[in-house]
Amino acid sequence: MKPYNSQYNMIEVTQQKIEELAPNAEAAKKGRDLQKKGKFTNLKINAEKNLIWGECAGSGKNPYYCSADYIDSHNPVFRCNCPSRQFPCKHAIGLLYCFEADKSQFSEGEVPEDITTKREKIEKRQEKKTQEKESIKEKAEKPKKVNRVAFVKKVDTQLIGIDTAQKLLRDIVSTGLSSIDAKLRATLRTQIKELGNYYISGIQTAFNNLLLSLEEVEEEEYTEVVNNLNYLSTLLKKASEYLKARKEDPEGLPELSSAIEEQIGYVWKLVELMQYGLYEENASLVQLSFNSYDNEARKEYVDEGLWLNLTTGKIFKTMNYRPYKAAKYIKEENTMFGVLQLKDLYIYPGDTNPRIRWEADSITERPLQKTDLTTIKQWASTQFADTIKNVKNTIKNPLMDKHPVVLLALHKAYRVGEDLVVEDANGFAITLKDIREGAVSPTGNLKVFLPSNAEGLTLTAMMHNDVASGLLSAQPMSLITPDKIIRLLY
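Conventions we followed
- Once a new chain begins, its residue numbering starts again from 1 and follows that chain's sequence as written.
- pLDDT decides what is reported in this predicted model: residues at 70 or higher carry local features, side-chain atom pairs at 80 or more are listed and counted, and totals for whole chains, interfaces and linings draw on all residues regardless.
- In computing side-chain properties, one takes all heavy atoms of the structure into account and sets aside hydrogens as well as water.
- Only DSSP runs of H or I covering at least 4 residues are called helices, and only runs of E covering at least 2 are called strands; the numbering of each starts at the N terminus.
- Note on method: radius of gyration uses C-alpha positions; expected globular size equals 2.2 Å times residues raised to 0.38.
- A 1.4 Å probe rolled over the protein chains alone gives each residue an accessible area, and that area as a share of the maximum for its type sets the label: buried under 20%, exposed over 50%, partly exposed in between.
- Note on contacts: a residue pair is in contact if any heavy atoms of the two residues lie within 4.5 Å.
- The protein chains shown are the only cover counted for residues, whose accessible areas, like all others here, come from Shrake-Rupley with a 1.4 Å probe.
- We count Lys and Arg on the positive side and Asp and Glu on the negative side, and we leave His and both chain ends out.
- Note that the charge is assigned to NZ on lysines, CZ on arginines, CG on aspartates and CD on glutamates.
- A pair of aromatic rings is counted whenever rings of Phe, Tyr or Trp (Trp by its six-membered ring) have centres within 6.5 Å, and the orientation is called stacked for planes under 30 degrees apart, edge-to-face for over 60 and tilted otherwise.
- We treat two strands as partners when DSSP finds at least two bridges between them.
- Structural elements are reduced to axes, namely lines fitted to C-alpha atoms, with helices fitted over the stretch in contact, and the angle between N-to-C directions of any two is expressed from 0 to 180 degrees.
- Throughout, the term roughly parallel applies to angles under 35 degrees, roughly antiparallel to angles over 145, roughly perpendicular to angles from 65 to 115, and oblique to all others.
- Take the far helix as the reference: if the near one is turned anticlockwise from it by less than a right angle, the crossing is left-handed, and if turned clockwise, right-handed.
- Each residue gets one label: Ala, Val, Leu, Ile, Met, Phe, Trp, Tyr, Cys and Pro are nonpolar, Asp, Glu, Lys and Arg are charged, and the others, such as Gly, are polar.
- The set of buried Ala, Val, Leu, Ile, Met, Phe, Trp, Tyr and Cys residues whose side-chain atoms join them within 4.5 Å is what this entry labels a nonpolar core.

Novice: Any details on the overall build of the protein chain? Residues and values, ideally.
Specialist: When its secondary structure is counted, the protein chain shows 13 helices and 18 strands. Rg of the C-alpha trace for the protein chain: 26 Å, near the compact-globule value of 23 Å for 490 residues, within the 12% margin. Considered along the principal axes of its C-alpha atoms, the protein chain spans approximately 80 × 65 × 50 Å. Burial status across the protein chain gives 45% buried among its 490 residues. Long-range pairs, those at least 24 residues apart, make up 65% of the contacts in the protein chain with a sequence separation of at least 6. Carbon and sulfur atoms make up 49% of the accessible area of the protein chain, which totals about 26,100 Å². A distance of 3 Å separates the average location of the 68 positive side-chain charges in the protein chain from that of its 68 negative side-chain charges.

Novice: Which residues make up the packing of aromatic side chains, and what values go with them?
Specialist: Within this structure, the stated rule accounts for seven aromatic pairs. Taken together, a centroid distance of 5.3 Å and an interplanar angle of 50° make the contact between Tyr 279 and Tyr 346 tilted. Taken as a pair, Tyr 279 in strand β6 (residues 279-295) and Tyr 346 in strand β9 (residues 339-347) lie far apart in primary sequence, 67 residues in all. For the pair Tyr 279 and Tyr 346, one class covers both residues: buried. On the basis of an interplanar angle of 50° and a centroid distance of 5.1 Å, the ring pair of Tyr 301 and Tyr 324 is categorised as tilted. Placement of the pair is Tyr 301 in strand β7 (residues 300-309) and Tyr 324 in the loop between β8 (315-323) and β9, with a sequence separation of 23 residues.

Novice: Describe the sheet that holds strand β3 (residues 64-69), naming the residues involved and giving the relevant values.
Specialist: One open sheet accounts for five strands, arranged β4-β3-β2-β1-β5; its pairing is mixed. Edge positions in the sheet fall to β4 (77-80) and β5 (107-108), since each of these pairs with one other strand and no more. Where strand β1 (residues 40-45) meets β5, two bridges bridge the pair, whose relative direction is parallel. Within the sheet, the bridge partner assigned to Ile 45 lies in β5 and is Glu 108. Along the sheet face, helix α3 (residues 90-101) touches β1, β2 (51-56), β3 and β4 and points at about 65° away from the line of β3.

Novice: Tell me about the packing of helix α5 (residues 148-175) against helix α8 (residues 223-248), residues and numbers included.
Specialist: Interhelical geometry of α5 versus α8 gives an angle of 155° and a closest axis separation of 10 Å. In this view, α5 runs roughly antiparallel relative to α8, as classed from their interaxial angle. Taken as a pair, α5 and α8 cross one another with a handedness that is left-handed. When α5 is examined against α8, the residues Phe 151, Val 152, Val 155, Asp 156, Gln 158, Leu 159, Ile 162, Ala 165, Gln 166, Leu 169 and Val 173 are found in contact with a partner set consisting of Leu 229, Leu 232, Ser 233, Leu 236, Lys 237, Ala 239, Ser 240, Leu 243, Lys 244, Arg 246 and Lys 247. When the residues that make up the contact of α5 with α8 are grouped by side-chain class, the tally is 13 nonpolar, four polar and five charged.

Novice: Outline the nonpolar core, supporting the account with residue identities and numerical values.
Specialist: Ranked by internal contacts, the top residues of the largest apolar core, which has 30 residues, are Ile 203, Phe 207 and Leu 210. Elements represented by at least two residues in this core include exactly α5, α6 (182-194), α7 (201-215), α8 and α9 (260-264). Per element, the largest residue contribution to this core is eight residues, and it comes from α8. Other than its neighbours up to four places away in sequence, Leu 210 contacts Leu 169, Ile 172, Val 225, Asn 228, Leu 229 and Leu 232.

Novice: Would you mind going over the packing of α5 against α6 in detail, with residue names and values included?
Specialist: Remark: α5 packs on α6, axes separated minimally by 11 Å, with the N-to-C direction vectors making an angle of 165°. In terms of their interaxial angle, α5 and α6 are classed as roughly antiparallel. α6 is crossed by α5, and the crossing has left-handed handedness. On α6, the residues that touch Leu 168, Ile 172 and Thr 175 of α5 are Leu 184, Leu 188, Gln 191 and Ile 192. Among the residues making up the contact of α5 with α6, the classes are represented as five nonpolar, two polar and no charged.

Novice: Could you give me a rundown of the pairing of strand β14 (residues 419-423), with the residues and numbers involved?
Specialist: In terms of burial, β14 is a largely internal element, four of the five residues being buried. As paired strands, strand β13 (residues 412-416) and β14 are joined by five bridges and run antiparallel to one another. Across the sheet, Val 416 pairs through a bridge with Asp 419, a residue of β14. The turn joining β13 and β14, which pair antiparallel and follow one another in sequence, is formed by two residues; a positive phi near 65° is taken by Gly 417. One ladder, built from four bridges, connects β14 with strand β15 (residues 429-432); its direction is antiparallel. When the sheet's bridge partners are listed, Val 422 is paired in β15 with Ile 430. Adjacent in sequence and paired antiparallel, β14 and β15 are bridged by five residues, among which Gly 427 carries a positive phi angle near 85°.

The structure is reproduced here in structure tokens:
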């Protein structure tokens, strides 16, 4: 067997990339532990240097056989005969750590027959997927056909559900917020669950949010509860009017300037987004910030990324949902440090920061360059007054995003008591505050190193209006310097 020759290496493996590929931090740790304990033997690499495989000792008599296939370097495939439902499993992750630690361990070998067969199947699937993608574009160019009978039947069911939801909301208000005890909350939880029968999952989630805010009330502070009540009241009214209009004209265009369809519960298809022009080709995105949190109302963990389109200056969001019951089997998203270049970018209907999506096989990644950082700065607002005006117009609508994200070109920074304040060149000031307390304080992190002369720095900020104090403030998410992006939520 020939020893591994790095000159022909087609596999790029770093600790950062392994952590990004791992479904969660625990799987990454277990994989690293297997490598450190020397559990791997018979390590091989193929002649083309795009496949590694080996054996990992387990608790049983026979070892597990695992491999990492980089025939498509942007979408590696991991295989293992262990019973785990995680992809990649800890054995495949450990194999990568072995490769990252010492490539010379891998001697050249013939590709196993079973992997050759699986590669052929993947190639056929890729060909089919390419054809399907082309057919999406072809479908998007054709007029959309609507089954009027099925459409009207579904809308009628949704309207019945909205009537039920309106009655439920009236009962909650008439009962009185302070009178809703644990027993009544349990009853409400059952009634909210029944809303799932009417194709209005978004409205159901809004009720769950209301119930959670009721459970979290302390010292008779009902501000968040009232916010949720206002949102639900507006949503139910708007949804009823909207669906009645759609019922009268099933072939008419849905509303694309807001997220009302998703707020009711609709799940968009890619072909529909393309049909309605919510689609871009050859987009370049930079991740400005990343955060993972627990959405109890949806019973899901959420990985949220904030992205800037370098060409248009538009700020988007990505949302990766991991339901509680399946969280350990779904890959947890991670921070991206390079520039993603996308063949196909799908944009969901929304307002200030619409949600986006792409498919894994349509991306390439390149390193972030200083010219990209300069571009980010050029898209930042130098007129804070205009930015605040636009933000206020957004958040005064109960159905709009209450925390729009903006880019601010800083001129000066200083303290006012415990508060951190930033100004533009015109002297317009914005106070920086965390939206809520957490294990990490992005504002506290920024206080440590933000210089008073902030000229040339750009801030990614999530806006927030504190109803109790009347203060419109901004939570810093990241600081962009001429050399790097400093993420503040670590």
